[in-house]
Amino acid sequence: VKKISPKIASMHKTKPGQFFFFAITDNGCGIPPENIDKLYDPFFTTKEIGEGTGLGLSIAYSLVKNWGGFITVESVVDKGSTFTVYIPEKK
C-alpha cells in the first residue's frame, strides 16, 4: 500500500489516499518516447497487420480508471519497461 499525495493524484485525475499497487517489468526492447503518449489509445499497435489489435492496454487502462486508479510506465529503449498499476484502497 502506498499513499498518493494530492499533487500526484491531480496529475492522474484521481483522489489522493491509499493505493494498492503492483508492477510488471520486462527486459524487452522498450518503448520509444514518441509512442508513450499513444499506449492506451484503442487500436494503437506497432505490430504488423494480423499480429494484434492494440486493445490490451486500452482495456486495462479503462478498467483501472473506472476503479479510480491509474497506470504509470517507465521505459528505456533496448532495456525494457515497467508498468505500475495503482488501485485505490476502499474502506
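Predicted, not measured: the structure shown is a model, and the values here were computed from it.

Turning to the sheet that holds strand β1 (residues 2-4), a few remarks are in order. Strand order in the open sheet made by the four strands is β1-β2-β4-β3, with antiparallel pairing throughout. Each edge of the sheet is formed by a strand with only one pairing partner; in this case those strands are β1 and β3 (70-76). Strand-to-strand, the axes of this sheet are offset by a mean angle of 35°, without reference to chain direction. Sheet topology note: the β3/strand β4 (residues 80-88) ladder contains seven bridges and is antiparallel. Within the sheet, the bridge partner assigned to V76 lies in β4 and is G80.

So, on to the environment of G69. With respect to the helices, strands and loops of the structure, G69 is situated in the loop between α3 (56-66) and β3. Separated by 17 residues in sequence, G69 and Y86 have C-alpha atoms that sit 5.2 Å apart. Look past the residues within four positions of G69 in its chain and what remains in contact with it is F19, V64, Y86, I87 and P88.

Quick notes on the rules
- Residues numbered from 1 in each chain as written.
- Predicted model: local features only at pLDDT ≥ 70, side-chain atom pairs only at ≥ 80, totals over all residues.
- Heavy atoms only, no water.
- Pairing = 2+ DSSP bridges.
- Helix = DSSP H or I, 4+ residues; strand = E, 2+ residues; numbered from the N terminus.
- Axes fitted to C-alpha atoms, helices over the stretch in contact; angles between N-to-C directions.
- Contact = heavy atoms within 4.5 Å.

Just distances and angles here, no functional claims.
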